[in-house]
Amino acid sequence: MKNIFFILILLFSAQFILAQKIEILTDSIQSSFRGLSVVDNNILWVSGSNGTVGKSIDGGQTWKWMIVKGFEKTDFRDIEAFDKKTAIIMGIAEPAYILRTDDAGETWNVVFKDTANGMFLDAMEFWNDQSGIVIGDPINNHFFIGRTFDGGKTWRGIPEQNKPIADSGEACFASSGTNIRKLNKEEAVFISGGFTSNIFIRNKKINLPILQGKESTGANSIAIKNSKTMIVVGGDFTTKDATTKNCAFTKDGGNTWVTPRIPPSGYRSCVEYLHKDEWITCGLNGVDISIDNGDNWKPISKESFHVCRKAKKGKSVYFAGNGGKVGKMIDDSK
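A quick note: this is a predicted structure, and the numbers were derived from the prediction, not measured. (Residues numbered from 1 in each chain as written. Predicted model: local features only at pLDDT ≥ 70, side-chain atom pairs only at ≥ 80, totals over all residues. Heavy atoms only, no water.)

A. Layout of the layout of surface pockets. One number sums up the size of the largest pocket: a volume of about 760 Å³. Forming the walls of the largest pocket are 29 residues, and the residues nearest its centre are Glu125, Phe126, Lys182, Arg309 and Lys312. Residue assignment for the lining of the largest pocket shows that the elements contributing at least two residues are strand 2 (33-38), strand 6 (76-81), strand 10 (121-126), strand 15 (180-182), strand 23 (270-275) and strand 27 (307-310). Residue classes in the lining of the largest pocket are distributed as 13 nonpolar, four polar and 12 charged. (1 Å grid on protein atoms, 1.4 Å probe; cavity = no way out; pocket = protein on both sides within 12 Å on 5 of 7 lines; lining within 4 Å. Points joined across faces, edges and corners; volume = space filled by probe spheres on them. Helix = DSSP H or I, 4+ residues; strand = E, 2+ residues; numbered from the N terminus. Nonpolar A, V, L, I, M, F, W, Y, C, P; charged D, E, K, R; others polar.)

B. Region of the structure containing the nonpolar core. Counting residues in hydrophobic clusters, the biggest one holds 26 residues, and the most contacted among them are Ile280, Phe319 and Met329. Take this core: its biggest share by element is four residues, from strand 28 (residues 317-320). Phe82, Ile88, Val111 and Leu121 belong to the second-largest nonpolar core, a separate cluster that totals 16 residues. (Core = buried A, V, L, I, M, F, W, Y, C linked by side-chain atoms within 4.5 Å. Buried < 20%, exposed > 50% of the residue type's maximum accessible area, 1.4 Å probe, protein only.)

C. The arrangement of the sheet that holds strand 25 (residues 286-290) in detail. Spatial strand order, 23-24-25-26: four strands in an open sheet with antiparallel pairing. The open sheet is flanked by strand 23 and strand 26 (298-301), the only strands paired with a single partner. Between one strand axis and the next, the sheet turns by 30 degrees as a mean value, whatever way the strands run. (Pairing = 2+ DSSP bridges. Axes fitted to C-alpha atoms, helices over the stretch in contact; angles between N-to-C directions.)

D. Spatial organisation of the sheet that holds strand 27. Read across the sheet, four strands follow the order 1-29-28-27 without closing on themselves; strand pairing throughout is antiparallel. Edge positions in the sheet fall to strand 1 (20-26) and strand 27, since each has one partner strand and no second. Strand-to-strand twist across the sheet, computed as the mean angle between neighbouring axes with direction ignored, equals 30 degrees. When strand 1 meets strand 29 (residues 326-331), the two strands line up antiparallel, connected through six bridges.

E. Up close: the state of the cysteines. In total, this model carries zero disulfides according to the counting rule given. Between Cys172, a cysteine without a disulfide, and Cys270, which holds the nearest cysteine sulfur, the sulfur-to-sulfur distance is 15 Å. Cys247 carries a free sulfur, and the closest cysteine sulfur to it, the one in Cys308, is 12 Å from it. Here Cys247 falls in the buried class, since its relative accessible area comes to 1%. (Disulfide = S-S within 2.5 Å.)

F. How the structure looks around the pattern of salt bridges. Counted according to the given criterion, the structure contains 14 salt bridges. Put simply, Lys163 and Glu160 hold a salt bridge, and the shortest N to O gap is 3.1 Å. Asp277 is the salt-bridge partner of Lys225, the closest N and O atoms lying 2.9 Å from each other. Placement of Lys225 in the loop between strand 20 (217-224) and strand 21 (230-236) and of Asp277 in the loop between strand 23 and strand 24 (278-283) is noted, with a sequence separation of 52 residues between them. Its relative accessible area of 34% is what places Asp277 among the partly exposed residues. Here the salt bridges do not stand alone but share partners, grouping Asp167, Glu170 and Lys205 into one network. (Salt bridge = Lys/Arg side-chain N within 4 Å of Asp/Glu carboxyl O.)

G. Quick peek at the side chain of Ser175. Take Ser175: it is sitting in the loop between strand 14 (170-171) and strand 15. A distance of 3.1 Å separates polar atoms of two side chains, one belonging to Ser175 and the other to Asn220. Beyond its immediate stretch of four places on either side in the chain, Ser175 contacts Arg34, Asn220, Tyr267, Ser269 and His306. (Polar contact = N/O pair within 3.5 Å; in protein donor to acceptor, adjacent residues only side chain to side chain. Contact = heavy atoms within 4.5 Å.)

H. Spotlight on the confidence of the model for the protein chain. Averaged over the protein chain, the pLDDT score is 94; the fraction of residues at 70 or greater is 94%. For residues 4-12, every residue scores under 50 in pLDDT, and the model assigns this stretch zero contacts once sequence neighbours within four places are set aside. (pLDDT = per-residue confidence, 0-100.)

Next comes the structure, spelled out in structure tokens:
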């Protein structure tokens, strides 16, 4: 009887995974998208290279595209949107910028600028529509951390003595805007990569069982189900098909980490928690899904994407990547 029950579970899992497909919504813009923010099932914003920002209010069927004036060569690696009018974009470096719009992208105001040598912003995260955080690569062996408490209108770096300390050759990847995530209503955690790959939780720095040792290796993205359950993905972005140490998960708040029985199908730049025990991850060679909290992954698409995000208010899941490509997950079982 137990064997029959187990077989039924396997059949259900296979049917569920096979029902998940990716629909390409647009792929005609000359930009590489790494920023994606999904407000609800219909409103989503993307940002990327060549100063490009895009917005859809009908689930990606039609788009408003814009090149931010004066920032035509800027790479906006992350975006946080609050509604169809308000969004914040992050330009990574030379110099580092954060801009904000409250008129649907008609105008953008510079709310943060840093010309320091070595300044490189990696990702933003918001707890709500007022409180947010931005992380940057180490300067003088300390990761840059900035905070806002007014919806991104102003930003300020935290005191030097409070900035996390980086090891030699340790930094962050600005690959999908998801290397820093809120842990609870007050705290955030972030991950690093390079010659060493760690997770920073409160005052703890924990080494991850993720590929490390080169500038191109390490953790790229973290997703959080609750204070105990988290998943990290990464690998080596120069070997997109390699599956060695490209994923790890924890069920005890980050104290111990386990690698999957069946890992994702290659290097992965983003992971997102969906619901129940279901997670999604994407990278240069495709998209994988897990329905058992990251222990086993199955490919559902060979489409290349940098970032995947679930709607903050809703169930829709969207993707973005090179060539101005934006996609949406379709569930044929419904």
